[in-house]
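# Structural features, examined
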Amino acid sequence: MTTATTNPEWPGLWRMLVAMLLSGTIGWFVVESGQNTATVVFYRCLIGGAALLLYLSWQHGWQQLNRSQAGYLLLGGLALVANWFCLFGAYHLSSISIATLVYHTQPFFLLLITALLQRQPPSASRWAWLALAFCGVALTTGLQFGGDHQQLWLGVGLAALAACLYAVATLTTRKLSGVAPAQIAGLQMMLGVLLMLPMDKTSLSELALPSAAALLTLGLVHTGLMYNLMYSAFQRLPVSSIAFLSFVYPLVAVLIDLWFYQVALSLLQVGGMALIVLAIVANQRQWAFWPFTAQGERG
């Protein structure tokens, strides 16, 4: 029987698990900071990027990138920063739990983008689970229209876009095998700082202590530490393992939303979130969508 110490995936598994546990608390710190999206993204990039690059220098881990690697790093960085903008905006427009569950459709975007690049369409069952997941996404809005509910729909849409962008960032990072995770994430954070410079942000002198503490935690813990762990895991694990372990993230986020904010979800919204969870698990377990699907079908 294979134990944790002899399992070749174990170094990646524990890194991904810790990273996802930390990820689940991001929404709480974003909301509690009380700052706009541009301010949160800017300071997360600045503090987290500085921490990562200082750690890299201390480890003497700098290495030269070729043109191809630089291109993948640039594309991944743009996708990552845009992903944060969309997700953090979704937290305020919907809720932490709804935005996070919708954001967790990222495995399906990974599946679709990979299938597109490899020109191998997913199986019929995976198409069916994909359709079910996005039915769940629609249900998380409560299927209510007009007035204040437009804000909820916008939040769900931003979360779905963030999921697509995160899938792009994941796939580009996997193309950087052999490059130190701290170098990848650190340089991507510095790219984010440059992109944020022209935008309207709260200055350090204007930040209250609780806001500054929340932003410092997002930078050091949820970026410096978490991205070092996560990118290292991306390089060690297959896409299927990455997608499955990512499920820890929304579970923690939902618990935080219920515990700290007592968010009241309608039965329709709970049902939609359940459909998303079912579709994700079924996709990763490669379950047949219907009994008569060929047993050998794999997507």
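Here is what the cut-offs are and how they apply
- Residues numbered from 1 in each chain as written.
- Predicted model: local features only at pLDDT ≥ 70, side-chain atom pairs only at ≥ 80, totals over all residues.
- Heavy atoms only, no water.
- Core = buried A, V, L, I, M, F, W, Y, C linked by side-chain atoms within 4.5 Å.
- Buried < 20%, exposed > 50% of the residue type's maximum accessible area, 1.4 Å probe, protein only.
- Helix = DSSP H or I, 4+ residues; strand = E, 2+ residues; numbered from the N terminus.
- Contact = heavy atoms within 4.5 Å.
- Patch = residues over 30% accessible without salt bridge, like charges linked within 9 Å, V, L, I, M, F, W, Y side chains within 5 Å.
- Areas by Shrake-Rupley, 256 points an atom, 1.4 Å probe, with all protein chains shown as cover.
- Salt bridge = Lys/Arg side-chain N within 4 Å of Asp/Glu carboxyl O.
- Expected span 1.5 Å × (residues − 1).
- Arc of directions from axis to C-beta.
- 1 Å grid on protein atoms, 1.4 Å probe; cavity = no way out; pocket = protein on both sides within 12 Å on 5 of 7 lines; lining within 4 Å.
- Points joined across faces, edges and corners; volume = space filled by probe spheres on them.
- Nonpolar A, V, L, I, M, F, W, Y, C, P; charged D, E, K, R; others polar.
- Phe/Tyr/Trp six-rings, centres within 6.5 Å; stacked < 30°, edge-to-face > 60°.
- Lys NZ or Arg CZ within 6 Å of the ring centre and 35° of its normal.
- Axes fitted to C-alpha atoms, helices over the stretch in contact; angles between N-to-C directions.
- Parallel < 35°, antiparallel > 145°, perpendicular 65-115°, else oblique.
- Left-handed = near helix turned anticlockwise from the far one by under 90°.

Our focus in this paragraph is the nonpolar core. In terms of nonpolar packing, the biggest core is built from 87 residues, with Met16, Trp84, Phe88, Tyr91, Tyr227, Met230 and Tyr231 touching the most fellow members. Broken down by element, this core gets its largest block of residues, 11 residues, from helix α8 (residues 149-174). Once residues within four sequence positions are removed from consideration, Tyr227 is found in contact with Arg44, Leu80, Trp84, Ala185, His222 and Ser232.

Next up on the list: the environment of Thr37. Note that Thr37 resides in helix α3 (residues 37-58). Exposure remark for Thr37: the relative accessible area of 16% places this residue in the buried category. Separated by 25 residues in the primary sequence, Thr37 and Gly12 have C-alpha atoms spaced 31 Å apart. Not counting residues up to four positions away in its chain, the partners in contact with Thr37 are Phe85, Phe88 and Gly89.

On to a nonpolar patch on the surface. On the surface, Trp10, Trp14 and Val18 cluster together to form a nonpolar patch covering roughly 260 Å² of accessible area. Position of Val18 among the secondary structure elements: in helix α1 (residues 10-23). Given a relative accessible area of 31%, Val18 falls into the partly exposed group.

Another aspect to go through is α1. The first and last C-alpha atoms of α1 sit 20 Å apart over 14 residues, in line with the 20 Å expected at 1.5 Å per residue. Among the residues making up α1, those that are buried are Gly12, Arg15, Met16, Ala19, Met20, Leu22 and Ser23. Buried positions in α1, seen along its axis, are confined to an arc of 155 degrees and lie on one side of it.

With that settled, the discussion passes to the environment of Leu87. You can see Leu87 is positioned in helix α4 (residues 67-93). Through-space distance from the C-alpha of Leu87 to that of Tyr103 is 7.6 Å; in sequence the pair is 16 residues apart. Look past the residues within four positions of Leu87 in its chain and what remains in contact with it is Ala99, Tyr103, Ala162 and Tyr249.

Okay, empty space enclosed by the protein next. Empty space among the atoms becomes apparent when a probe as large as a water molecule is rolled across them. Scanning the entire structure with this criterion turns up one cavity of 30 Å³ or more. Here the largest cavity defines a volume of roughly 110 Å³. Lining the largest cavity are 15 residues, and of these Ser23, Tyr103, Tyr166, Tyr227 and Tyr249 sit closest to its centre. Sorting the residues of the lining of the largest cavity by element identifies α1, α4 and α10 (209-236) as the ones contributing at least two each. Residue composition of the lining of the largest cavity, grouped by class: 10 nonpolar, four polar and one charged.

A few words now on the packing of aromatic side chains. The way to describe two aromatic rings as a pair is by their centre distance and the angle between their planes. Within this structure, the stated rule accounts for eight aromatic pairs. For the ring pair Trp28 and Phe29, a centre distance of 4.9 Å and an interplane angle of 90 degrees mean the geometry is edge-to-face. The exposure class assigned to Phe29 is buried, which follows from its relative accessible area of 18%. Considering the side-chain rings of Phe42 and Tyr43, the 5.1 Å spacing of their centres and the 80 degrees angle between planes classify their relative orientation as edge-to-face. A relative accessible area of 9% means that Phe42 is categorised as buried. By relative accessible area, Tyr43 is classed as buried at 7%. Three or more aromatic residues link up through ring pairs in this structure, and these residues are Trp84, Phe88, Tyr91 and Tyr227. Looking at Arg44, its charged tip hangs above the ring of Trp84, at a distance of 3.9 Å from the centre. One Lys or Arg, Lys201, reaches over the ring of Phe42 and ends 4.8 Å from the middle of that ring.

To continue, consider the packing of α1 against helix α12 (residues 248-261). Two numbers describe how α1 lies on α12: the axes approach to 7 Å, and their chain directions differ by 30 degrees. Comparing their axes, α12 and α1 come out roughly parallel. Between α1 and α12 lies a crossing whose hand is right-handed. Note on element contacts: α12 touches α1 through Val248, Tyr249 and Val252, opposite Leu17, Met20, Leu21 and Ser23.

To continue, consider the layout of surface pockets. In this structure, the second largest pocket occupies an estimated 250 Å³ of space. Around the second largest pocket sit Tyr72, Leu75, Ile113, Thr114, Leu117, Gln118, Val168, Leu171, Thr172, Arg174, Lys175 and Val239, which together line it. If you list the elements that add at least two residues to the lining of the second largest pocket, you get α4, α6 (106-118) and α8. Here the lining of the second largest pocket is built from residues that sort into seven nonpolar, three polar and two charged.

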